[in-house]
Amino acid sequence: MNRDEIDAANQQVIEAGSFVKPLLEETGKVIVGQSYLMERLVISLLANGHVLLEGVPGLAKTLAIKTLSDTISVDFSRIQFTPDMLPADVTGTQIYNPQSGEFTTRQGPVFANLVLADEINRAPAKVQSALLEAMQEKQVTIGQTTYPLPLPFLVLATENPIEQEGTYPLPEAQVDRFMLKVVIDYPEWDEERRILDDWAKTEGLPEASPVVTTEQILAARKVVNSIYVDDKVKDYIVNLVCATRDPEKYKIPAKDLIDLGASPRATIFLTLAAKSHAFIHGRGYVTPQDVKSIAMDVLRHRVHISYEAEAQEKSSEDVVQLMLDHLPVP
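Note that this is a predicted model, so its numbers are computed, not measured.

## What to know about the overall build of the protein chain
- Tallying secondary structure elements over the protein chain gives 14 helices and eleven strands in all.
- Scaling as 2.2 N^0.38, a compact globule of 330 residues should have a C-alpha radius of gyration of about 20 Å, and the protein chain matches this with 21 Å.
- Taking all 330 residues of the protein chain together, the buried fraction comes to 48%.
- For the protein chain, restricting intrachain contacts to residue pairs at least 6 apart in sequence, the fraction spanning at least 24 positions comes to 79%.
- Entry remark: accessible area of the protein chain is about 16200 Å², with carbon and sulfur atoms responsible for 50%.
- If you average the places of the 31 positive and of the 47 negative side-chain charges in the protein chain, the two averages end up 4 Å apart.

## A few points about the pattern of salt bridges
- Per the stated rule, a full pass over the model turns up 15 salt bridges.
- The salt bridge involving Asp70 is made with Lys66; its shortest N-O contact spans 2.9 Å. Here Asp70 and its partner Lys66 are both found in helix H4 (residues 61-71), four residues apart, which amounts to about one turn of the helix.
- Its relative accessible area of 26% is what places Asp70 among the partly exposed residues.
- One salt bridge in this structure joins Asp297 and Arg300, with 2.8 Å as the shortest N-O distance.
- Among the ionic contacts, a cluster of salt bridges with common partners joins Glu39, Arg40, Asp297, Arg300 and Glu317.

## Quick look at the sheet that holds strand S8 (residues 154-159)
- The parallel open sheet is built from five strands, whose spatial order is S2-S5-S8-S1-S9. Unpaired on one side and paired on the other, strand S2 (76-80) and strand S9 (178-183) mark the two borders of the sheet. On average, each strand axis in the sheet is tilted by 15 degrees relative to the strand beside it, whichever way the strands run.
- Inspection of the sheet shows strand S5 (residues 114-118) paired to S8 by four bridges, in the parallel sense. Bridge assignment links Ala117 to a residue of S8, and that residue is Ala157.

## Digging into the side chain of His301
- Considering the arrangement of structural elements, one finds His301 in the loop between helix H12 (288-299) and strand S11 (304-305).
- Reaching out from His301, the side chain makes a polar contact with the backbone oxygen of Phe178 at a distance of 2.9 Å.
- Apart from residues lying up to four places away in sequence, His301 is in contact with Val175, Phe178, Met179, Leu180 and Lys181.

The rules behind the values
Residues numbered from 1 in each chain as written. Predicted model: local features only at pLDDT ≥ 70, side-chain atom pairs only at ≥ 80, totals over all residues. Heavy atoms only, no water. Helix = DSSP H or I, 4+ residues; strand = E, 2+ residues; numbered from the N terminus. Rg over C-alpha atoms; globule rule 2.2 N^0.38 Å. Buried < 20%, exposed > 50% of the residue type's maximum accessible area, 1.4 Å probe, protein only. Contact = heavy atoms within 4.5 Å. Areas by Shrake-Rupley, 256 points an atom, 1.4 Å probe, with all protein chains shown as cover. Lys, Arg positive; Asp, Glu negative; His and termini not counted. Charge placed at Lys NZ, Arg CZ, Asp CG, Glu CD. Salt bridge = Lys/Arg side-chain N within 4 Å of Asp/Glu carboxyl O. Pairing = 2+ DSSP bridges. Axes fitted to C-alpha atoms, helices over the stretch in contact; angles between N-to-C directions. Polar contact = N/O pair within 3.5 Å; in protein donor to acceptor, adjacent residues only side chain to side chain.

As structure tokens, then:
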């Protein structure tokens, strides 16, 4: 791209992304701190990818997703996952009418633009599999009929990493369908102090108002698609993903630390997320830093570490960081 093309692309992004700052400011009225989390949720919205949030109880995972839906004029649905759930509790079912002798379809809570799957790892395998079609194909089959889901459609799921009783490990096929896995940590001291001021009361709690329309989101996605990615940056993305499968080839000291590397879906998601990261920062082109900034959230749940890595007390995040530290940046 020449200078004029770069300026034109940047201007198009700035115009299409004019809603990003007001959206983050509006969510900031309710969610104290957690700017990293809110930015990732916006990236997922722009890149049309599902998000898995992991953190201990009380860190505003559910509130963050609910607040995001409040700032956008979309349909929001919350599903509380429990061990006794059935697939029909998510997708819907057919109901027999004895008077007419016909079946009518009752659509489930998955028929919404933003679906909050709260404590998703508490539901059994049948319920998890019911979500797979919705997440990947953006459609749901009830009886003999397939129904398209509304656009935009995103599953924003939460899970608690410390409780094992009454939980079910998510199938790898489903985990891989989440574009991002975001791990949330405790707030800083000054943020905790502000939380006290804003929330330690019985009424007049902070609320967010709609500041973005569905049309703006869908229009922004078209601009995200047009964001320029240089061939060297594309090669860097592919090298990063391939290095998780064959670290020796890239001279990365992680040979015995990885059992299974990232799938090609990681390559696609990393590119889309990097484009969205560039978009929210007002650029019409992707830099290697965009890729590095979002890589951990795209790869941490796709790199499966070995027993040897566990013996060395290394996590998948440590392994991904090895890739980022050792792989040459264009």
